[in-house]
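Fold and geometry: a report
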Amino acid sequence: MPNHMWMSEDHTAFADTVKRFFDEEVTPNKDAWTEAGVIPKSLWRKAGDLGILGATFPEEHGGLGLSRHFDAVTFLEQTKAGDSGWGVSVHNIASHYITAFGTEEQKARWLPDLASGDKVAAIAMTEPGTGSDLQAVKTTAIRDGNEYLINGSKTFITNGGSADLIVLVAKTDPSAKGRGVSLIVVETEGLEGFAVGRCLKKMGMKRNDTAELSFTDVRVPLTNLIGTEEGQGFIQLMKQLPWERLILGYMALGASQCALEHTLAYVKERKAFGKRVMDFQNTRFKLAECATKIELLASFCDTCLAELDAEQLTAEKAAMAKWWGTQTQCEIVDECLQLHGGYGYMSEYPISELYTDARVQKIYGGTNEIMKEVIARSLDID
């Protein structure tokens, strides 16, 4: 399995903590939470107690003040444990809009509760009919005295049913396209006009409460605008999307490793035609291909992470990590399921969940077709 050269003793110790958290708190409860379709708030607080949620938040605002390498460790360990149903990555992404662009007052107001797990975060971008086109959002937040009046709807919102704090993508100037987009924090508790619609039934990631949200004359203070100037939302989104897309690359990496490990164990035990499935040349060749793809993906993601640290990660390179990583994940998981034969199709085998959870990776965070368009534009293709 990959040897990440950036992993120091501190990273390894943190990885051990995160791995133990998933082994003890998540894995034994996955079936019950899948049935319930939601992760309990108690898990968020346990993660907060261990420093998992606020690892990269400023220390003065309840975090540990560490680099994003530590968040990469969390997403790797989560997916290596075979889980993608807990929306910790979305919580992290939403929180980082506040750490990156919020005022000191906003950071002090919201980050401690996000770091402790007392509040769960979501980010509401997608709307019915808009998909990946963030400039086309129709949700509005219009000034009315010292408040914003919010109207609109969102769909496919990860953590949507349990979120206490939502980073909302809305138009503060509906006539200005991308220049009219702003990010506004919506605190949901007791909020008049805010409603959680259906918690959507999905092909995979069934532990996560993915929901529809509606806003009808919702009022929030002007001070909930992230930053100090309206119309900066699209720029803020573009600056943070490379990190979001690299997260998906690392999640693809961890899930691929998990699939390979389960498959190796299976083919060594399962027999067909009088010998182990592992002893067939086709099996060994397929596993060799998967292992090689995992090493290549790890190397590329690690290069991107180093560039992110140096503030040199480009949008197109992050798009490469996202599309190629998730495409590779789907290919590896498909090959691994095939090696399980009919048992791979049974829900009791981990490879089945890995397969159904993988498919959406090529869709959210910007579809892989959009990723290729981002890359192509950087090539000056006429």
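Refer to the structure above for everything that follows.
As a starting point, this report considers the structure included with it. Model, not experiment: these values are computed from the prediction.

Our focus in this paragraph is the nonpolar core. Among the nonpolar cores identified, the biggest contains 83 residues, and Trp86, Tyr97, Leu246 and Tyr250 are the most heavily contacted of them. With 16 residues, the single largest contributor to this core is helix α7 (residues 233-269). Setting aside anything within four residues of it in sequence, one finds Tyr250 in contact with His4, Trp6, Ala72, Leu76, Thr79, Cys301, Asp302 and Leu305. With 20 residues, the next largest nonpolar core counts Ala124, Ile150, Ile184 and Ala211 among its residues.

Remark: helix α9 (residues 315-340) packs on helix α10 (residues 350-358), axes separated minimally by 9 Å, with the N-to-C direction vectors making an angle of 150°. Accordingly, the angle class assigned to the pair α9 and α10 is roughly antiparallel. The chirality of how α9 crosses α10 is left-handed. Residues Gln329, Cys330, Val333, Asp334, Cys336, Leu337 and His340 of α9 pack against Ile351, Leu354, Tyr355 and Ala358 of α10. Among the residues making up the contact of α9 with α10, the classes are represented as 8 nonpolar, 2 polar and 1 charged.

This next bit is on α10. Along an α-helix, a turn takes 3.6 residues, which lines up residues three or four apart on a common side. Listing the buried residues of α10 in full gives Ile351, Ser352, Leu354, Asp357 and Ala358. Buried residues along α10 sit against α7 and α9.

Our focus in this paragraph is unusual backbone geometry. At Phe273, a residue that is not glycine, the phi angle is positive and equals roughly 55°. Relative to the helices and strands, Phe273 is located in the loop between β8 (271-272) and β9 (275-276). On the basis of relative accessible area, Phe273 is assigned to the exposed category, the value being 83%. The backbone phi angle of Glu311 is positive, close to 60°, even though this residue is not glycine.

Counted by the stated rule, this structure contains 2 cavities of 30 Å³ or more. Of the pockets and cavities examined, the largest cavity occupies roughly 90 Å³. Around the largest cavity, the lining residues are Thr79, Gly82, Asp83, Ser84, Met205, Met251, Ala255, Gln329, Leu354, Asp357, Ala358 and Gln361. Of all the secondary-structure elements, those providing two or more residues to the lining of the largest cavity are α7 and α10. Looking at the lining of the largest cavity, the element that brings in the most residues is α10, giving 3 residues. When its residues are assigned to classes, the lining of the largest cavity shows 5 nonpolar, 5 polar and 2 charged.

With their axes 10 Å apart at the nearest point, helix α5 (residues 88-101) and helix α6 (residues 104-116) run at an angle of 160° to one another. Taken as axis vectors, α5 and α6 run roughly antiparallel relative to one another. Considering only the axes of α5 and α6, their crossing is left-handed. Touching His91, Ser95, Ile98 and Thr99 of α5 are Gln106, Lys107, Trp110, Leu111 and Leu114, all from α6.

Here is what the cut-offs are and how they apply
In this numbering scheme, every chain counts its residues from 1 along its sequence in written order. Local features in this predicted model are restricted to residues of pLDDT 70 or higher, and side-chain atom pairs are both shown and tallied only at a pLDDT of 80 or more, whereas totals for entire chains, interfaces and linings draw on every residue. The basis for the side-chain values is all heavy atoms of the structure; hydrogens and waters are excluded. The nonpolar core is taken to be a set of buried Ala, Val, Leu, Ile, Met, Phe, Trp, Tyr and Cys residues, with the residues joined through side-chain atoms within 4.5 Å. Relative accessibility thresholds used throughout: buried, under 20% of the residue-type maximum; exposed, over 50%; partly exposed, between the two (1.4 Å probe, protein chains only). Think of it this way: any DSSP run of H or I at least four residues long counts as a helix, any run of E at least two long counts as a strand, and we number them from the N terminus. Residue contacts follow a heavy-atom distance rule, with two residues in contact if any of their heavy atoms lie within 4.5 Å. Note on geometry: axes are C-alpha line fits, over the in-contact stretch for helices, and angles between N-to-C directions span 0 to 180 degrees. Put simply, angles under 35 degrees are roughly parallel, angles over 145 are roughly antiparallel, angles from 65 to 115 are roughly perpendicular, and the rest are oblique. For any pair of crossing helices, the crossing counts as left-handed if the nearer helix is rotated counterclockwise from the farther one by less than a right angle, and right-handed if it is rotated clockwise. Three residue categories are used. Nonpolar comprises Ala, Val, Leu, Ile, Met, Phe, Trp, Tyr, Cys and Pro, charged comprises Asp, Glu, Lys and Arg, and polar comprises the others, including Gly. A pocket, in this scheme, is an open set of points on a 1 Å grid over the protein atoms alone with protein on both sides within 12 Å along at least 5 of 7 lines, while a cavity is a set where a 1.4 Å probe fits but cannot get out; residues line either one if an atom lies within 4 Å of a point. Grid points are joined across faces, edges and corners, and a volume is the space filled by probe spheres set on the points.

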